[in-house]
Amino acid sequence: MQEAIDFLSTKNPIFQEIIEKYGLPQIPKRPQGFETLVLLILEQQVSIDSAKATFLKIKAYTTCNPETMLVLSDEEFRNLGVSRQKTKYIKILADAVLSKELDIESLSSKSAKEVREELIKLKGIGNWTIDIYLMFCLQEPDLIPLGDIAVINTIKELLNIHDKPEMEIHTQQWSPYRSYATYLLWHYYLNKRNRKITY
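Let me begin by describing the structure that accompanies this report. (Residues numbered from 1 in each chain as written. Predicted model: local features only at pLDDT ≥ 70, side-chain atom pairs only at ≥ 80, totals over all residues. Heavy atoms only, no water.)

**So, the pattern of salt bridges**
- Summed over the entire model, instances satisfying the criterion amount to 7 salt bridges.
- Of the charged contacts, one joins Glu43 and Arg30 as a salt bridge, the two residues approaching to 2.7 Å between their closest N and O atoms. Remark: Arg30 occurs in the loop between helix H2 (13-22) and helix H3 (34-43) and Glu43 occurs in helix H3; sequence separation between them is 13 residues. The same class applies to Glu43 and to Arg30, which are both buried. (Salt bridge = Lys/Arg side-chain N within 4 Å of Asp/Glu carboxyl O. Helix = DSSP H or I, 4+ residues; strand = E, 2+ residues; numbered from the N terminus. Buried < 20%, exposed > 50% of the residue type's maximum accessible area, 1.4 Å probe, protein only.)

**What about the nonpolar core?**
- Of all hydrophobic cores here, the largest spans 67 residues; its most connected members are Phe34, Met69, Leu93, Ile155 and Trp186.
- With 8 residues, the single largest contributor to this core is helix H12 (residues 178-192).
- Leave out the neighbours within four places in its chain, and Phe34 touches Cys64, Asn65, Pro66, Met69, Leu93, Ala94, Val97 and Ile104. (Core = buried A, V, L, I, M, F, W, Y, C linked by side-chain atoms within 4.5 Å. Contact = heavy atoms within 4.5 Å.)

**Some points on the side chain of Asn12**
- Along the polypeptide, Asn12 turns up in the loop between helix H1 (2-11) and H2.
- A polar side-chain atom of Asn12 sits 2.9 Å from the main-chain amide nitrogen of Ile14. (Polar contact = N/O pair within 3.5 Å; in protein donor to acceptor, adjacent residues only side chain to side chain.)

**Thoughts on the packing of aromatic side chains**
- Inspection of every chain in the model, using the stated rule, returns 7 aromatic pairs.
- Consider the rings of Tyr180 and Tyr183, whose centres lie 5.9 Å apart with planes at 80°: the pair is edge-to-face. Of the two residues, Tyr180 and Tyr183 are both situated in helix H12; the distance of 3 residues between them amounts to about one turn of the helix.
- Taking the centre distance of 6.1 Å and the plane angle of 35° together, the rings of Tyr183 and Trp186 count as tilted. One end of the pair is Tyr183 and the other is Trp186, both in helix H12 and 3 residues apart, which spans about a single turn.
- On the accessibility criterion, Tyr183 (4% relative accessible area) is buried.
- Judged by relative accessible area, which is 6%, Trp186 ranks as buried.
- If you follow Arg193 out to its NZ or CZ, it ends over the ring of Tyr189, 3.8 Å from the centre. (Phe/Tyr/Trp six-rings, centres within 6.5 Å; stacked < 30°, edge-to-face > 60°. Lys NZ or Arg CZ within 6 Å of the ring centre and 35° of its normal.)

**Points about the packing of H2 against H12**
- Axis separation between H2 and H12 bottoms out at 10 Å; the angle between their running directions is 45°. Here H2 is positioned oblique relative to H12, judged by the angle of their axes. Relative to H12, the crossing made by H2 is left-handed. Two secondary-structure elements touch here, H2 through Phe15, Ile18, Ile19 and Tyr22 and H12 through Ala181, Leu184, Leu185, His187, Tyr188, Asn191 and Lys192.
- Of the residues belonging to the contact of H2 with H12, the class tally is 8 nonpolar, 2 polar and 1 charged. (Axes fitted to C-alpha atoms, helices over the stretch in contact; angles between N-to-C directions. Parallel < 35°, antiparallel > 145°, perpendicular 65-115°, else oblique. Left-handed = near helix turned anticlockwise from the far one by under 90°. Nonpolar A, V, L, I, M, F, W, Y, C, P; charged D, E, K, R; others polar.)

**Considering unusual backbone geometry**
- The peptide bond linking Ser175 to Pro176 adopts the cis configuration, its omega dihedral lying at 15°.
- Position of Pro176 relative to the elements: it lies in the loop between helix H11 (164-171) and H12.
- Residue Asn160 is not a glycine yet carries a positive backbone phi of 55°.
- Here Asn160 shows up in the loop between helix H10 (149-159) and H11.
- The class of Asn160 is exposed, set by a relative accessible area of 58%.

Take a look at the structure:
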C-alpha cells in the first residue's frame, strides 16, 4: 500500500493531505461469490448501511444461495425490504449460476476485462457493481468507479473537475494504482461527513 501512496502523492499532493488529516484508508475486502454479488445488487443507488440491513434480514430469514433465491416469492422478497426490480436482478443472477451460464468461482482466474465481459451480460449488473466486485473481492489494484457518487463528488470538490470525460482522462495518471486513489477519495468523503462504514 505504501508504494501506491508514494506514487499517488507524486501525482497529486492532495492524497498526502488526506492521509495527514484522516490517516490511512481501510482497504475493503469481501469474500468472492454469490452472496457478495447479491449484496452489491442491494447496494445499488442506496446507502451501504441500508443495503446491509436488508441483506442481514435475508440471511436471518433463509440461506442466501442461488437455489433459495430463485424459489423465494416476490412477496417474500418484498417483506424483506427488496424492491421489485432488485428481486428480478437477484433471480436473474441465481438463474445464471444454476444454469452454469455464470461460473463465479472462475472469475478469480480471469483478467478484469474478462470479468467485466462476463458479468455485464446479466441484467441488473452494471459497471459500478462490477468495479466494486473487482476491487473488494478480486483485489484489482487499478480501477476507479466513476459511476460512484462519492468518488465523483470528491473529485469535483478536491480537483475542481466537473466533467466526467475529463475525470476519466485526469485519473489515468493515477494508473496503476487507481483503486488505491479511490480508497483515499472514499476515506476523505466519509471522514469529512463523520461517517463510518464497514465494508
